[in-house]
Amino acid sequence: MGMKRATTFAAAAVAVVLAASACGPSDYKASDSTQPAGAAAEAAPAAAGPGNQPGGQLAASVTEQLGSVLTDSAGLTLYRFDKDTAKPPKSNCEGDCAKTWPVVAAGDVTAASGMDPSLLGEVVRSDGTKQLTVAGWPAYRFNKDAKPGDINGQGVGGVWFAFGPDGKKAAKAAPAEAAPAASAAPAEGAPADAAEPAPGLSVAKDPKLGEHIVDGKGMTVYRFKKDTAWPMVSNCVGDCLAKWPVVPPVDKANAKGITEKNYRVMDRPDGKKQQTVDCWPVYTFSGDKKPGDTNGQGVGGTWYAVSPDGKLITVQ
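Residues numbered from 1 in each chain as written. Predicted model: local features only at pLDDT ≥ 70, side-chain atom pairs only at ≥ 80, totals over all residues. Heavy atoms only, no water.

Visitor: Looking at this model, I keep getting lost on the sheet that holds strand β17 (residues 265-267). Mind explaining?
Guide: Strands in a sheet are paired, the pairing made by backbone hydrogen bonds, and the direction either parallel or antiparallel. Taken together, 3 strands build an open sheet; the order of strands is β17-β18-β19 and the sheet is antiparallel. Two strands in the sheet have a free side with no partner beyond their single neighbour: β17 and β19 (280-281). Bridge count between strand β18 (residues 273-277) and β19: 2 bridges; the pairing is antiparallel. By the bridge assignment, Val 277 is partnered in β19 with Trp 280. (Pairing = 2+ DSSP bridges. Helix = DSSP H or I, 4+ residues; strand = E, 2+ residues; numbered from the N terminus.)

Given below as structure tokens:
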């Protein structure tokens, strides 16, 4: 099976995936920036159920319930069926079953970052079409997953389970043994609320920028115009990262006042995990030395602060 980058999809396949994706280009036209003022966002069409499309650029998406799960280029969860077989690969989901669980077509697909590409394969179905396999198991979507991050198919009938990036059933790792309670107590003489951490991401107000996202230390958060949100790709690599450190994953519970739409964690090619806001990778700036600094605003005409809804703040 030819392994190609998701950007080489045939135009027709891309159009179908874009329509089903909450991270499609229709979300990121004039409405992606707070400037020019008054620009109206183009209304996105209602998302249809997932179809029998190729997987595209796969990703390992972190979920609260299951840990890391395998998703397609549109962010939709991929599933396996216990009644199928992996050795040899064979699908036993046909007819009405395949309407509820659309197959992931074999073809243009790229392994998720950190995933063994040799796990990807294909199986010929009884109707002659080819289906993607992961570690030998045929891959499906669930027609009741409407947006990225949905895992409504998990455990259905006791036979359907989300894929982990290793091809096994996704399962959250057991938590590490909790530290002694005494270590969490505030130091003697400290205020009673001193032990409560600041939100990992929150909103600050600047006289020039207005409301913008800051990290847990109060440092301004930025976006890079050369990145893309569909698929989620960071084009800040190498020396760029020394100047623009990535924002590490922040649990939604520790994000206050910002959009929850497409609030996802991205696996970078360098192995790091990076927080995204509305599917856009976010960073801080090494040139900001203290909370409230906005020295990264407008750098190179490509770096801008981020509004609470994930858009660029392009005002200078």
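Visitor: Sorry, what's going on with the state of the cysteines here?
Guide: Joining two cysteines, a disulfide is a covalent bond between their sulfur atoms. Applying the stated rule across the entire model yields 2 disulfides. The partner cysteine of Cys 93 in its disulfide is Cys 97, sulfur to sulfur 1.9 Å. Linking Cys 93 and Cys 97, the disulfide has an S-S dihedral of approximately -110 degrees and is accordingly described as left-handed. Look at Cys 93 and you get buried, because its relative accessible area is 0%. Looking at Cys 97, the relative accessible area reads 22%, which means it is partly exposed. (Disulfide = S-S within 2.5 Å. Buried < 20%, exposed > 50% of the residue type's maximum accessible area, 1.4 Å probe, protein only.)

Visitor: What is the right way to look at the confidence of the model for the protein in this model?
Guide: When pLDDT drops low, the exact placement of atoms in the prediction is not to be read closely. In the predicted model, the protein carries a mean pLDDT of 80, and the fraction of residues at 70 or more is 75%. Low confidence marks residues 26-30, where pLDDT is under 50. Its contacts with residues over four positions away, or in another chain, come to 14 contacts. Note on residues 36-48: pLDDT under 50 across the span, and 10 contacts to partners over four residues away in sequence or across chains. (pLDDT = per-residue confidence, 0-100. Contact = heavy atoms within 4.5 Å.)

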